[in-house]
Amino acid sequence: MNKPLILVVEDDPPVRNLITTTLKTNDYRYLVAANGETAILEASSHNPDIVLLDLGLPDMDGVEVIGNVRSWSNLPIIVISARSEDSDKIEALDAGADDYLTKPFSVDELLARLRATQRRLSYMTAEMLSASSVFVNGKLRVDYAGGCAYLDSRELHLTPIEYKLLCLLSKNVGKVLTHTFITQNIWGRSWENDVASLRVFMATLRKKLEPEPDSPQYIQTHIGVGYRMMRIE
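Just so you know, these numbers come straight off a predicted model, no measurement behind them.

### Section: the nonpolar core
Within the largest apolar cluster, 53 residues are counted, with the highest numbers of intra-cluster contacts made by Leu140, Val142, Leu165 and Leu166. It is helix H6 (residues 160–170) that provides the largest number of residues to this core, a total of seven residues. Ignoring sequence-local partners within four residues, the contact set of Leu166 consists of Leu140, Val142, Ala149, Leu158, Leu205, Leu209 and Met229. If you look at the next biggest cluster of nonpolar residues, it comprises 15 residues, including Leu23, Leu52, Leu110 and Leu111.

Printed below as a string of structure tokens:
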């Protein structure tokens, strides 16, 4: 089985060389882009499996690249950035990034993030191939086989993480899922940062799912514990 094709978007040569050397040593295939415009072109023409994206690019902010790619693709995007403020992480995750790695980073952590993303890709692919049922709850319909969801007959444009969250909640409708259970299923681990990321993804999912976010119908928060999808008759 071929390793995934990785698009490395990084304008700093030493950091780019570190990443590509690591990928090459571990038998990954990769492409490189030194700015946002090239990154978007490479992503659209070569359809990589995963993007490693720096936010501080010379021609545009990396968040713009995320927004552009998300307008036509759900491919996983892992941000690698020196920006360590929570607000920067939230902005990138809110725009559609799947993971966030802060510089300086260890090679082992980068490889672990890639492996976790590969597991999610394999799991989602296998799930889509094996699933044949459709989940209906009120005006919400999740087509597991088709890998898409609809609200009141209108397709929801979800990121891969948002869709996986929706599937996890819908397959456990009525049950309270703890933060640990959810993060283990979504990221394959349960770190403190993952719970913060989970809150961001849950907020973006709710914006798309709930007609009135202040009066949620579908997803109930259990403060300090987790989340539950409510059954709508």
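That was the structure; now back to the text.
### Topic: the sheet that holds strand E3 (residues 50–53)
Here we have five strands laid out as an open sheet, ordered E2-E1-E3-E4-E5, and parallel in their pairing. Looking at which strands have only one partner, the edges of the open sheet turn out to be strand E2 (29–33) and strand E5 (99–102). For this sheet the average axis-to-axis angle between neighbouring strands, irrespective of direction, equals 20°. Here strand E1 (residues 5–9) pairs with E3 via four bridges, running parallel. Within E3, the position partnered with Val8 by the bridge is Leu52. Contacts from helix H3 (residues 62–70) reach E3 and strand E4 (77–81), with the element oriented near 175° to E4.

### Digging into the pattern of salt bridges
Across all of its chains, the model carries eight salt bridges by this definition. Measuring nitrogen to oxygen at the nearest pair gives 2.7 Å for the salt bridge that ties Lys208 to Glu162. Taken as a pair, Lys208 in helix H8 (residues 192–209) and Glu162 in helix H6 lie far apart in primary sequence, 46 residues in all. Overall, the relative accessible area of 31% leaves Lys208 in the partly exposed class. When its relative accessible area of 2% is taken as the criterion, Glu162 is described as buried. Connected through salt bridges with shared partners, the residues Glu10, Asp54 and Lys103 form a single ionic network.

### Examining the packing of H6 against helix H7 (residues 179–187)
Where H6 meets H7, the closest approach of the two axes is 10 Å, and the angle between their N-to-C directions is 130°. As far as their axial angle goes, H7 and H6 are oblique. Regarding H6 and H7, the two cross each other, and that crossing is right-handed. Where H6 approaches H7, its residues Ile161, Lys164, Leu165 and Leu168 are matched on the opposing element by Phe181, Ile182, Asn185, Ile186 and Trp187. Its residues assigned to classes, the contact of H6 with H7 shows seven nonpolar, one polar and one charged.

### Comments concerning H6
Most of H6 sits inside the fold, with 11 of its 11 residues counted as buried. Those residues of H6 that sit buried are Pro160, Ile161, Glu162, Tyr163, Lys164, Leu165, Leu166, Cys167, Leu168, Leu169 and Ser170.

Here is what the cut-offs are and how they apply
Residues numbered from 1 in each chain as written. Predicted model: local features only at pLDDT ≥ 70, side-chain atom pairs only at ≥ 80, totals over all residues. Heavy atoms only, no water. Core = buried A, V, L, I, M, F, W, Y, C linked by side-chain atoms within 4.5 Å. Buried < 20%, exposed > 50% of the residue type's maximum accessible area, 1.4 Å probe, protein only. Helix = DSSP H or I, 4+ residues; strand = E, 2+ residues; numbered from the N terminus. Contact = heavy atoms within 4.5 Å. Pairing = 2+ DSSP bridges. Axes fitted to C-alpha atoms, helices over the stretch in contact; angles between N-to-C directions. Salt bridge = Lys/Arg side-chain N within 4 Å of Asp/Glu carboxyl O. Parallel < 35°, antiparallel > 145°, perpendicular 65-115°, else oblique. Left-handed = near helix turned anticlockwise from the far one by under 90°. Nonpolar A, V, L, I, M, F, W, Y, C, P; charged D, E, K, R; others polar.

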